[in-house]
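Single-letter residue listing:
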Amino acid sequence: MENKLPIGQRLTTEIQKIGINGEGIGYYNRKAIFVDFALPKEEVEVEITADFDTYYKANLVQIIKKSPSRVEPFCPVYHECGGCQLQHLAYDETLALKRELIIQAIRRYVKTKVSLDLIKPTIASNPNTHYRNKASLPLQYKFGKNIIGMYKPNSNHLVEIKDCPIQEQDINKFYTLILNQMDKRKILAYNNTSKTGTVRFIIIRRAEATAQIQVTFILYKEDPEIVELGKYLVEKFKEIVSVYRVINDDLKSREFFTKNTNLIAGTEAINEVLNDVVFSLKPDAFFQLNTKQADVLYNKVIELGQFKPTDIVIDAYSGIAPIAQYVAPHVKRVYAIESVEASIQSAKDTIIQNTHKNIDLLKGDVVEVLNKKKDIPVDVIVFDPPRTGLGEKVTAFLLKKKPKKIIYISCNPSTLAKDLDVLTQAYTIKSIEPIDMFPFTSHVETVVLMSMV
Ligand SMILES: C[S@@+](CC[C@H](N)C(=O)[O-])C[C@H]1O[C@@H](n2cnc3c(N)ncnc32)[C@H](O)[C@@H]1O
């Protein structure tokens, strides 16, 4: 291409919009330049760091014309850690930007015209700091101490995290306490170069309603000292009620849990309470990371569903079935479909402990279960799939089965928009509502209500 920019080239560009990962996007000869930490309408000097077929990547060198929405990030390691992408933008503006990301995805993938009036303002998270109820952080042993942190994006440099403003305060507190105990007991983080140490990750999950904490140690190999530490933690701290250890020596896998997962101290689950329902949380069961916003999301489902006592509802991709639990009092029957055994188990325990017994748990892949149960006379289906979205098989099922109403919860605007493109052949979009589940990150949750044309 003519006028190709070499690596290291500096240039000035005006940022036009924000990308799906929160980066600013400027252009050079109509080829996009992705610049982390740059904001729309800013004039910036950048340095090209990579050249791909359709875009450049560049570092921000200096801001020549600053956006009025730019603010000072509140985390001291914001620029290194990579966990958040939007702390340099005023919170209200992050909400507007998340709505914009959905608009961009819909314009790109949905052929039917979608009126902007249908896309509501993003529902803010309150609180928007210390909202995260679970952290899964890697460890390193450095200068005679265990440290915990996040890997700097695209590097093996661990950025130490001491007091994360996104995690719940108790999670920060117990990370510090556990690391101190590990140092004292000479339990070391695993090091793959020297093959020393054992602990690869520590996961801490906290239930907001009960303040109970569950700690899970992901180990490279067995370590009897961890069992002792687990027992100590449960005896010493009233909040820590459940400690697990997992042996996982597969350094390439992104999964934490293996068949070699054992409770080493305390109870099997911690209890969270939402909408008067007690949820049993085992370490590998899915639970939304922002507890208060999860309640907002589930109440939104109730509001949009306008359920009737005669309704039959499906909660697809149900996790531990919180949506089924919220919907159950309003309808005749709910079928919850989930493939992961741990989540099904937690959902079962939740049903046993609570009053709503009109929920049937169906274990398996959503496509297979829907096809097996195709004769159920469904009124409303609620979908909450992973980032991959519904995909061809589920959308084809819906176009054939034609339930009256669909509520689609999505954590990925692109796959959502691709699925909507197919579903709008038979369905009318009634509303699209972004919900901020992960403040100051580029992630956005969306709830879409659709009904038969
Ligand atoms: C985004 S979570 C939603 C969970 C739940 N609605 C909630 O709010 O807690 C998606 C869930 O879908 C499950 N899942 C992923 N792929 C699946 C599939 N093909 N069939 C059934 N469940 C699946 C995951 O295990 C996870 O629990």
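Provided above is the structure to which this section pertains.
All of these numbers come straight from a predicted model, not from anything done at the bench. (Residues numbered from 1 in each chain as written. Predicted model: local features only at pLDDT ≥ 70, side-chain atom pairs only at ≥ 80, totals over all residues. Heavy atoms only, no water.)

## Brief notes about the packing of helix α3 (residues 169–185) against helix α4 (residues 224–236)
The interhelical angle for the contact between α3 and α4, taken along N-to-C directions, is 135 degrees, at an axis separation of 11 Å. Classified by the angle between their axes, α3 and α4 sit oblique to one another. Crossing hand, α3 versus α4: right-handed. In contact with I178, Q181, M182 and R185 of α3, α4 contributes E225, E228, L229, Y232 and L233. A breakdown of the residues in the contact of α3 with α4 according to their chemical character gives 5 nonpolar, 1 polar and 3 charged. (Axes fitted to C-alpha atoms, helices over the stretch in contact; angles between N-to-C directions. Helix = DSSP H or I, 4+ residues; strand = E, 2+ residues; numbered from the N terminus. Parallel < 35°, antiparallel > 145°, perpendicular 65-115°, else oblique. Left-handed = near helix turned anticlockwise from the far one by under 90°. Contact = heavy atoms within 4.5 Å. Nonpolar A, V, L, I, M, F, W, Y, C, P; charged D, E, K, R; others polar.)

## Quick look at the site of the ligand
Near the ligand there are 17 residues, and of these Q288, Y298, E338, D365 and D384 occur at the shortest range. Contact between the ligand and S339: a nitrogen atom at 3.2 Å from a main-chain N or O atom of the residue. In the environment of the ligand, a nitrogen atom lies 2.7 Å from a nitrogen or oxygen atom belonging to the side chain of D365. Coverage of the ligand by the protein chains reaches 85% of its 600 Å² of free accessible surface. The class makeup of the residues in the shell around the ligand is 9 nonpolar, 5 polar and 3 charged. (Near = heavy atom within 4 Å. Polar contact = N/O pair within 3.5 Å; in protein donor to acceptor, adjacent residues only side chain to side chain. Areas by Shrake-Rupley, 256 points an atom, 1.4 Å probe, with all protein chains shown as cover.)

## What to know about the pairing of strand β4 (residues 31–35)
Along any regular strand, the residues point their side chains to alternate faces of the sheet. Counting buried residues along β4, 4 of its 5 residues qualify, which places the element largely inside the surrounding structure. Relative to β4, strand β3 (residues 24–28) runs antiparallel, the two being bridged by 5 bridges. From the neighbouring strand, I25 faces β4, where its bridge partner is F34. Between the end of β3 and the start of β4, which pair antiparallel, lie 2 residues, with N29 showing a positive phi angle near 50 degrees. As defined by bridge partners, β4 adjoins strand β6 (residues 55–65) across 4 bridges and the pair is classed as parallel. Note that in β6 the partner of V35 across the bridge is A58. (Buried < 20%, exposed > 50% of the residue type's maximum accessible area, 1.4 Å probe, protein only. Pairing = 2+ DSSP bridges.)

## Describing α4
Counted at 1.5 Å a residue, the expected span for α4 with its 13 residues is 18 Å, and the 19 Å between its end C-alpha atoms agrees. Restricting attention to buried positions, one finds in α4 the residues I226, L229, G230 and L233. Each buried residue of α4 sits inside an arc of 105 degrees when the element is viewed along its axis, so together they form one side. Turned more than 90 degrees from where α4 packs its buried face, P224, E235 and K236 sit exposed. Elements that come into contact with the buried residues of α4 comprise α3, β10 (199–206), β11 (213–219), β12 (240–247) and β13 (261–266). With a side-chain oxygen positioned 3.0 Å from the backbone nitrogen of E225, the residue opening α4 is D223. (Expected span 1.5 Å × (residues − 1). Arc of directions from axis to C-beta.)

## Re empty space enclosed by the protein
Counting across every chain of the model gives 1 cavity of 30 Å³ or more. Its boundaries defined by the atoms lining it, the largest cavity holds a volume of some 30 Å³. The wall of the largest cavity is formed by K134, I203, I204, R205, Q214, T216 and P283. Within the residue set of the lining of the largest cavity, elements represented by two or more residues are β10 and β11. In terms of residue count, β10 provides more of the lining of the largest cavity than any other element does, 3 residues in total. Considered class by class, the residues forming the lining of the largest cavity number 3 nonpolar, 2 polar and 2 charged. (1 Å grid on protein atoms, 1.4 Å probe; cavity = no way out; pocket = protein on both sides within 12 Å on 5 of 7 lines; lining within 4 Å. Points joined across faces, edges and corners; volume = space filled by probe spheres on them.)

## Re the layout of surface pockets
Considering only enclosed or pocket space, the second largest pocket measures out at about 340 Å³ in volume. Lining the second largest pocket are 18 residues; nearest its centre among them are P40, K41, S69, E93 and L97. Mapped by element, the contributors of at least two residues to the lining of the second largest pocket are β2 (17–18) and α2 (91–109). By residue number, the principal contributor to the lining of the second largest pocket is α2, which donates 5 residues. Among the residues making up the lining of the second largest pocket, the classes are represented as 8 nonpolar, 4 polar and 6 charged.

## Some words on the sheet that holds strand β19 (residues 380–383)
Whether parallel or antiparallel, the strands of a sheet pair through hydrogen bonds between backbone atoms. Strand order across the open sheet formed by 7 strands is β18-β17-β16-β19-β20-β22-β21, with mixed pairing between neighbours. If you trace the sheet from one side to the other, it starts and ends with β18 (359–363) and β21 (427–435), each paired once. Between one strand axis and the next, the sheet turns by 15 degrees as a mean value, whatever way the strands run. Where strand β20 (residues 405–410) lies against strand β22 (residues 445–452), 6 bridges are found, and the strand directions are antiparallel.

In short, shape yes, function no, at least from these values alone.
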